[in-house]
Amino acid sequence: GFCTIDHDGVRSSLIRTTNGGLSWNSSYFEFGYVTSVHFPVSSIGYMSFNDQNGNKIFNSTDLGETWVELPPALGFWIISIFFTDSVTGYAAGGLSGGTGAGRIAKTTDGGLTWSVTSINSSIRSIHFPSPDTGYAIGNDQSSPRIYKTTDSGLTWNVQNAPSGVGTLLQVS
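Rules used throughout
- Residue positions are counted from 1 within each chain, in the order its sequence is given.
- Since the coordinates come from a predicted model, pLDDT governs what is reported: local features require at least 70, and pairs of side-chain atoms require 80 or more to be given and counted, while whole-chain, interface and lining totals use all residues.
- As a rule here, side-chain values come from all non-hydrogen atoms in the structure, and water together with hydrogens is ignored.
- What counts as a helix is a DSSP run of H or I of at least four residues, what counts as a strand is a run of E of at least two, and both are numbered from the N terminus.
- Remark: exposure states derive from per-residue accessible area (1.4 Å probe, protein chains only) relative to the maximum for the residue type, with buried under 20%, exposed over 50%, and partly exposed in between.
- The contact definition used throughout considers only heavy atoms, calling two residues in contact when any of these lie within 4.5 Å.
- Throughout this description, a polar contact denotes any pair of N or O atoms lying within 3.5 Å of each other; where both atoms belong to protein, one of them has to be capable of donating a hydrogen while the other can accept it, and for residues adjacent in sequence the pair is counted only when both atoms sit in side chains.
- Two strands make a pair as long as DSSP finds a minimum of two bridges between them.
- Only the stretch in contact is used when fitting a helix axis, every axis being a line fitted to C-alpha atoms; angles between N-to-C directions are given from 0 to 180 degrees.

Asks: Help me get a handle on unusual backbone geometry, residues and values and all.
Replies: In the Ramachandran plot, Leu 63 falls in the positive-phi region, its phi being about 65 degrees despite a non-glycine side chain. Note that Leu 63 resides in the loop between strand S6 (54-60) and strand S7 (68-70). Since its relative accessible area comes to 41%, Leu 63 is described here as partly exposed. Even without being a glycine, Ser 152 presents a positive backbone phi close to 60 degrees. Tracing the backbone through its elements, the reader meets Ser 152 in the loop between strand S14 (144-149) and strand S15 (157-159).

See below:
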């Protein structure tokens, strides 16, 4: 398993266990912040990373032992990533450090190229229970937003959030 650790809002670590949490190994990032990690299959994983120069997505094909940066930068602050298989995935977030207009990007080639969709709310979390159906949650200035796709991310429709709900943080 994996866990991210925030050191001071600027630097972070990605820690990994291979023995059910009895011990942990750390990868420290001096100038950057790991925002999300997802392994769609046991050996292949993706990590989103933000620093003063923008966003990056990394790929691992060896259970997280090593990470390789993928091109290109997406041009928005990535908060959450989710892959439905080893090559099809989504990166979500927003402009201005995760606030303002939202973005959801999709790749079908393991992160080598991306198509980006703009939406009204900055996205905090994205999850696909099936390859076609996905949910993204976020918040705009007036209320929380839940977005749903049933066509593998081609279109995103706003769903009604429960009344009285504050800031939405995570969907799974």
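Asks: Tell me about the environment of Ser 152, and name the residues and values.
Replies: For Ser 152, a relative accessible area of 15% puts it in the buried group. In the structure, Ser 152 is positioned 64 residues away from Thr 88 in sequence and 9.7 Å away in space, judged by C-alpha atoms. If near-sequence neighbours (up to four positions away) are discounted, Ser 152 is found in contact with Tyr 90, Lys 106, Phe 128, Pro 131 and Asp 132.

Asks: Give me the environment of Lys 106: which residues, what numbers.
Replies: Among the secondary structure elements, Lys 106 is positioned in strand S10 (residues 102-107). Distance in space between the C-alpha atoms of Lys 106 and Gly 89 is 5.7 Å, their sequence separation being 17 residues. Leave out the neighbours within four places in its chain, and Lys 106 touches Thr 88, Gly 89, Tyr 90, Thr 113, Trp 114, Ser 115 and Ser 152. Polar side-chain contacts of Lys 106 include one of 2.8 Å to the backbone oxygen of Ser 152.

Asks: Give a detailed account of the side chain of Ser 125, specifying residues and quantitative values.
Replies: Its place among the elements puts Ser 125 in strand S12 (residues 122-127). The buried category is assigned to Ser 125, whose relative accessible area is 0%. One polar contact links the side chain of Ser 125 to the main-chain amide nitrogen of Val 171, over a distance of 3.0 Å.

Asks: For the sheet that holds S7, give the residues involved together with the corresponding values.
Replies: Taken together, 4 strands build an open sheet; the order of strands is S4-S5-S6-S7 and the sheet is antiparallel. Each edge of the open sheet carries a strand with a single partner, namely strand S4 (33-38) and S7. Mean inter-strand twist for the sheet, computed between neighbouring axes without regard to direction, equals 30 degrees. Here strand S5 (residues 45-51) pairs with S6 via 7 bridges, running antiparallel.

Asks: Just give me the short version of the sheet that holds S12, but keep the residues and values in it.
Replies: Judged by pairing direction, the sheet is antiparallel, and its 4 strands sit side by side in the order S12-S13-S14-S15 without closing on themselves. Strand pairing shows two members of the sheet lacking a second neighbour, S12 and S15, which therefore form its edges. Strand-to-strand, the axes of this sheet are offset by a mean angle of 30 degrees, without reference to chain direction. Alignment of S14 against S15, held across 3 bridges, turns out to be antiparallel. Bridge assignment links Ile 146 to a residue of S15, and that residue is Gln 159.

Nothing here speaks to function; it is all geometry.
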